[in-house]
Amino acid sequence: MSERFSCLDDDQREAGLEAARAAIRDNTLVVMPTDTVYGIAADAFEPEAVAALLAAKGRGRHMPPPVLVASTTTLDALASRMEPYVHTLAEAFWPGPLTLICRQQESLVWDLGETRGTVAIRMPADENALALLRRTGPLAVSSANLTGRPAATTVEEAEEQLGESVAVYLDGGPAGSGVPSTIVDCTSDLPRVVRSGAITVEQIVELGVEVG
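Residues numbered from 1 in each chain as written. Predicted model: local features only at pLDDT ≥ 70, side-chain atom pairs only at ≥ 80, totals over all residues. Heavy atoms only, no water.

A short note on the packing of aromatic side chains
Summed over all chains, the structure comprises one aromatic pair. Arranged with centres 5.1 Å apart and planes meeting at 25°, the rings of F45 and W110 form a pair that is stacked. Taken together, the residues F45 in the loop between β3 (39-43) and α2 (47-57) and W110 in the loop between β6 (98-104) and β7 (118-122) connect sequence positions 65 residues apart. Judged by its relative accessible area of 13%, W110 is buried. (Phe/Tyr/Trp six-rings, centres within 6.5 Å; stacked < 30°, edge-to-face > 60°. Helix = DSSP H or I, 4+ residues; strand = E, 2+ residues; numbered from the N terminus. Buried < 20%, exposed > 50% of the residue type's maximum accessible area, 1.4 Å probe, protein only.)

Dropping the structure here:
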């Protein structure tokens, strides 16, 4: 049976974060608020948990979930052979709504799906999400909705769609912007925007980063 905790109440928040940490440890799923939309999370390093996440959404392995991290330093642990602009983008927009697709570290033992040797990484600007990530380490996180339906911007919307497939729901009130993150492919000499979102191309160019 699913549990739901309000992160707007200090006592419930602490209990919820601990319950969510335990759920991740047990390879079950958690819904949490982020600065964009609500996310459904699993242990990134447990293939069974990632498979459960994809199944809960009705999504195949051809659409691997991004990985959320609690600090910019984790970027170097997960990604390799990065162009200098990758760190420029992370330093400018993290924590925030920018997802960076990088070549993954070859030493990593995980199975996020058909990633073709890449990993999509983001550091969210949400204190509840960051608090959970600090307790669990990197999490595979996708929008908390059934594939083909709008992303959930409240915990009620997430629970209506995902139901008992999720062990713990963390309620942080309405999600940040409701606008998804911008996704940038960073596997080439120049970054390429593959999904427009909360960060605009103009904001990236203003950093002096040329966009392909």
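Next comes the rest of the account.
Notes on the packing of helix α1 (residues 10-25) against helix α5 (residues 127-136)
Direction vectors running N to C along α1 and α5 enclose 45°, while the axes themselves pass 10 Å from each other. The pairing of α1 with α5 is recorded here as oblique in orientation. α1 and α5 meet at a crossing whose hand is right-handed. Of the residues in α5, those touching α1 at R13, E14, L17, E18, A20, R21 and I24 are E127, N128, A131, L132, R135 and T136. Looking at the contact of α1 with α5, its residues break down into five nonpolar, two polar and six charged. (Axes fitted to C-alpha atoms, helices over the stretch in contact; angles between N-to-C directions. Parallel < 35°, antiparallel > 145°, perpendicular 65-115°, else oblique. Left-handed = near helix turned anticlockwise from the far one by under 90°. Contact = heavy atoms within 4.5 Å. Nonpolar A, V, L, I, M, F, W, Y, C, P; charged D, E, K, R; others polar.)

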